[in-house]
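Residue strings, one per chain:
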Amino acid sequence: MDSWLRPTQLEGELVKLVPLQKSQKVDLAFAASDGKLWELWYTSVPSPKTIDSYLDVALSEQEKGNALPFAIVNKKTNTIVGSTRFLNVDTKNKRVEIGATWYAKKVQRTGINTECKYLLLKYAFENLNCIAVEFRTHFHNHPSRNAILRLGAKQDGILRNHRVDDSGNLRDTVVFSILNSEWNTVKKSLEFKMGKSYLD
């Protein structure tokens, strides 16, 4: 695995991001079952039937140095409530994408996503010294697109007919990014939002 990106644990007030492991299989499948997240046609969330291949792909990409996957642990309940990862790692140009993110329905819109993204962005810019961090999502995934914009990312463009999904449909992918020159302002904004949610 590339030495630039190594398994690590990131921790905030609400969550811990811990390295993804096969031993988390049951807990991940249980979290995804809350809301049957795999039924959303524009996402790629594991179901009880696909959890093994999901883990195999994620850990294989990590082994190649192309990704760094995490399980998301809710500190309040000490349970796994989702997953996220660094992917499309470009070591030479110091770029990563934050993606493959999903959360159990019960923790959506609770502040957990904001803190997860904050922890990942902070690590990317302040530890990995990234030049840019990307976010990509399905054109039809409007909740995800709005959430990425709320983080402070800017839309770079749309990759039309970018991929063929599991159903054979062509997917348009919307690309966003945050640059290292923008990080201080984005960081301040995210810390302000998190401070308000912690006080509520």
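Everything that follows concerns the structure shown earlier in this document.
Residues numbered from 1 in each chain as written. Predicted model: local features only at pLDDT ≥ 70, side-chain atom pairs only at ≥ 80, totals over all residues. Heavy atoms only, no water.

Caption draft 1: Inspection of the pairing of strand β8 (residues 170-179) at higher detail. With seven of 10 residues buried, β8 lies mostly within the body of the structure. Sheet analysis places strand β6 (residues 132-138) next to β8, joined by seven bridges and oriented antiparallel. Residue pairing across strands places Glu134 opposite Ser177, the latter belonging to β8. In the sheet, strand β7 (residues 154-164) pairs with β8 via seven bridges, with the strands oriented antiparallel. Each bridged residue has a counterpart across the sheet, and for Arg163 the counterpart in β8 is Arg171. The loop that links β7 with its antiparallel partner β8 comprises five residues; one of these, Gly168, has a positive phi angle of about 90°. (Buried < 20%, exposed > 50% of the residue type's maximum accessible area, 1.4 Å probe, protein only. Helix = DSSP H or I, 4+ residues; strand = E, 2+ residues; numbered from the N terminus. Pairing = 2+ DSSP bridges.)

Caption draft 2: A look at the sheet that holds β7. One open sheet holds the eight strands; their spatial order is β1-β2-β3-β4-β5-β6-β8-β7, and the pairing between them is mixed. Strands with a single pairing partner mark the edges of an open sheet, and in this sheet they are β1 (10-11) and β7. In this fold helix α3 (residues 112-126) packs onto β1, β2 (15-19), β3 (68-74), β4 (79-90), β5 (95-103), β6 and β8, with an angle of close to 160° to the strand it touches most, β5. Sitting on the sheet, helix α4 (residues 142-151) is in contact with β6, β7 and β8, with an inclination near 160° to β6. (Contact = heavy atoms within 4.5 Å. Axes fitted to C-alpha atoms, helices over the stretch in contact; angles between N-to-C directions.)

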